[in-house]
Protein chains: 2
Amino acid sequence: MSPLDQLWQNKLPQARVPLIAVGPYSAVTLTALSDLAAEGLIRPVLLGDRVKIRHALSALSHAESLLSGQIIDSERPMEDAAVLISHYPDSALMKGDIHSDVFLRGIVAAKLVKPGRLMSHLAVFETNEKRPLFITDPSIFINPDVAQRIKITANAIDTLQRLGYDEIRVAVLSSVETASESIPSSMEARAIAAHFANLERIFVDGPLSLDLAVSAEAARTKASRSEVAGRADVLVVPNLDAGNMLCKGLNFLAAMPSANLIAGTVCPVVFSSRAAGREERKQTIRLALSGRRDTLRA
Amino acid sequence: MSPLDQLWQNKLPQARVPLIAVGPYSAVTLTALSDLAAEGLIRPVLLGDRVKIRHALSALSHAESLLSGQIIDSERPMEDAAVLISHYPDSALMKGDIHSDVFLRGIVAAKLVKPGRLMSHLAVFETNEKRPLFITDPSIFINPDVAQRIKITANAIDTLQRLGYDEIRVAVLSSVETASESIPSSMEARAIAAHFANLERIFVDGPLSLDLAVSAEAARTKASRSEVAGRADVLVVPNLDAGNMLCKGLNFLAAMPSANLIAGTVCPVVFSSRAAGREERKQTIRLALSGRRDTLRA
């Protein structure tokens, strides 16, 4: 079983989750929805331009029979999705084939972000060492300050708790592992780590370099005493450029399996990139829906 | 043959290159030197604390016989290396087991940087697609401005020309592929690319996102007309944090084979990280010594 499969195993909801898919216009989106509907995990609600949805469905005979009864025609699907979510609090939201910007702005406009929190993005990868590794935030914030990254870090911790982690190790990354005025991200990492000091079974350390965060050998070589070094579960990146290039490097140069989560919202949000294939989309849906305490299976 | 092997194949110098190794105190450094001395590529000069060098050599019987005659005792090896290089302009310089900062500052102090240029670092990776991919600069500059990154880009172009590239494709990276005031790296990338417009067989384009730079599929999906999209040879990163995390992600999470070059200096400089193994060090030496036009083999 893959590391990403282990994350959702035994944590899927018992009842079908109504999943409101905004703009499901591509074969890859529709087949992922159809697969998971057939498995009994979701009840898809296809929201958007009915003509475009029908056109895409018509090319997929199996999906058509399963999904064609669940189309809601909408000219402003993000606005209408917000209304649906407010009426059906047990439902979940999914980005179909629309721009991320439109989708994310719609979530904020609809007040689907938890009070006092920020909405943030976590990518999760299966590394060569076969552990799941979360990276946050690689796509929403351009240059988040320390206060924002504290909230981004809290979202990551919430997400891992929801997924059943007993202990959580968070590395706040910089290019170096000693705070230095000449490298601003290192000073900021120290401040973020200090905010999370003295928690039970949650270890947040920084600044850590990426090698020290994830490589047990680097941790030994550098004689690190950090609880996080060599076995980080979460990497908190300093800004968009660093997170974007790290995640795209793993995706497009190393072809590393991944999924993408949104945290900090009142309902589960499924957030696949345009480049995601069918399996990645299904993993993302499963992970987004996993571990809601009130509806746990078995 | 691996993509990195292809880079140096038929481009190694005909005569042995005197290679001045500064602080060669580890088994991995000494065995790499011994291997390449046995192959006839280099004549190693071991410069540093004689006691430490002898101690390390004594554990390596084969290397000892090959290398023990070539030790120069030095208390200030970077200063002494600079004197040697000025006397023997055909020699090359190598970082042994000393801190990168000390080594790089020594190069600048010794005026080994070419007039009007900057010294920069290029990492080169074998990606899953089996092409060599250069990334610059992942370790020397913290937050280089446009003028500095133009020089860093020029160094990369020089290096690829020396390695025999007929055409060179350079992607100046940002998180997005459209220049936008809200993402400074995208505006800077456009300025850097504009500086290199209208060259023959050298294509520099930016801003490009990493997926668009390296993925032929992303280039098709996004209908890009860029000469660089989907087949970049070189990625120019915006700053230290982004370059460091991208390269360390490929090294430590994806275990991707790599080597490391220094460009912009008057002599070849071999620059392996402390974490580099024997093969990576040998590749780095071969690449640093490849393609010096006056001494080409065959």
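This report concerns the structure included in the present document. (Residues numbered from 1 in each chain as written. Chains lettered and ligands numbered in written order. Predicted model: local features only at pLDDT ≥ 70, side-chain atom pairs only at ≥ 80, totals over all residues. Heavy atoms only, no water.)

Examining the interface of chain B and chain A
Piece 1. Taken together, the contact pairs 33 residues of chain B with 33 residues of chain A.
Piece 2. For the pair chain B and chain A, the summed buried area comes to about 2,800 Å², and 69% of that belongs to carbon and sulfur atoms.
Piece 3. The largest contributions to the chain B side of the interface with chain A come from Ser-175, Met-245 and Leu-253 of chain B, which together make up 26% of the buried area.
Piece 4. Joining chain B to chain A, the criterion identifies two salt bridges. (Contact = heavy atoms within 4.5 Å. Buried area = accessible area lost by both parts, 1.4 Å probe. Salt bridge = Lys/Arg side-chain N within 4 Å of Asp/Glu carboxyl O.)

Here's the deal with empty space enclosed by the protein
Piece 1. Evaluated as defined, the whole model comprises two cavities of 30 Å³ or more.
Piece 2. Within this model, the largest cavity holds a volume of roughly 100 Å³.
Piece 3. Taken together, Phe-252 and Leu-253 of chain A together with Thr-127, Asn-128, Glu-129, Arg-131, Pro-132, Leu-133, Val-214, Gly-230, Arg-231 and Ala-232 of chain B make up the lining of the largest cavity.
Piece 4. Contributing elements (two or more residues each) for the lining of the largest cavity: α11 (240–253) of chain A together with β6 (132–136) of chain B.
Piece 5. Looking at the lining of the largest cavity, its residues break down into six nonpolar, three polar and three charged.
Piece 6. Put simply, the second largest cavity is a space of about 70 Å³.
Piece 7. Every residue lining the second largest cavity is listed: Thr-127, Glu-129, Arg-131, Pro-132, Leu-133, Val-214 and Ala-232 of chain A together with Phe-252 and Leu-253 of chain B.
Piece 8. Counting only elements with at least two residues in the lining of the second largest cavity, the list comes to β6 (132–136) of chain A together with α11 (240–253) of chain B. (1 Å grid on protein atoms, 1.4 Å probe; cavity = no way out; pocket = protein on both sides within 12 Å on 5 of 7 lines; lining within 4 Å. Points joined across faces, edges and corners; volume = space filled by probe spheres on them. Helix = DSSP H or I, 4+ residues; strand = E, 2+ residues; numbered from the N terminus. Nonpolar A, V, L, I, M, F, W, Y, C, P; charged D, E, K, R; others polar.)

What about the relation of the copies chain B and chain A?
Each copy of the chain is related to the other by a rotation around an axis and a translation along that axis.
Piece 1. With an RMSD of 0.0 Å, chain B superimposes on chain A once it is rotated by 180° and translated 0.0 Å along the axis. Both chain copies can therefore be described as sitting about a two-fold axis. Residues of chain B ranked by C-alpha distance from the rotation axis are headed by Ala-242 of chain B, positioned 1.9 Å from it.
Piece 2. Looking at the interface residues of chain B, 100% of them are also at the interface in chain A, so both copies use one shared face. (Least-squares fit on C-alpha atoms with pLDDT ≥ 70 in both.)

Remarks on the pattern of salt bridges
Piece 1. As enumerated under the stated definition, the model contains 26 salt bridges over all chains in all.
Piece 2. Residue Arg-286 of chain A pairs with Glu-39 of chain A through a salt bridge whose shortest N-O separation is 3.5 Å. Of this pair, Arg-286 of chain A sits in helix α12 (residues 278–289) while Glu-39 of chain A sits in the loop between α2 (27–38) and β2 (42–48), and the two are 247 residues apart along the sequence.
Piece 3. Overall, the relative accessible area of 8% leaves Arg-286 of chain A in the buried class.
Piece 4. In this structure, Lys-282 of chain B and Asp-35 of chain B form a salt bridge, with 2.9 Å as the shortest nitrogen-oxygen distance. Placement of the pair is Lys-282 of chain B in helix α12 (residues 278–289) and Asp-35 of chain B in helix α2 (residues 27–38), with a sequence separation of 247 residues.
Piece 5. You can call Asp-35 of chain B buried: its relative accessible area is 15%.
Piece 6. Each member of the salt-bridge network shares a partner with another, and the members are Asp-35, Arg-278, Glu-279 and Lys-282 of chain A. (Buried < 20%, exposed > 50% of the residue type's maximum accessible area, 1.4 Å probe, protein only.)

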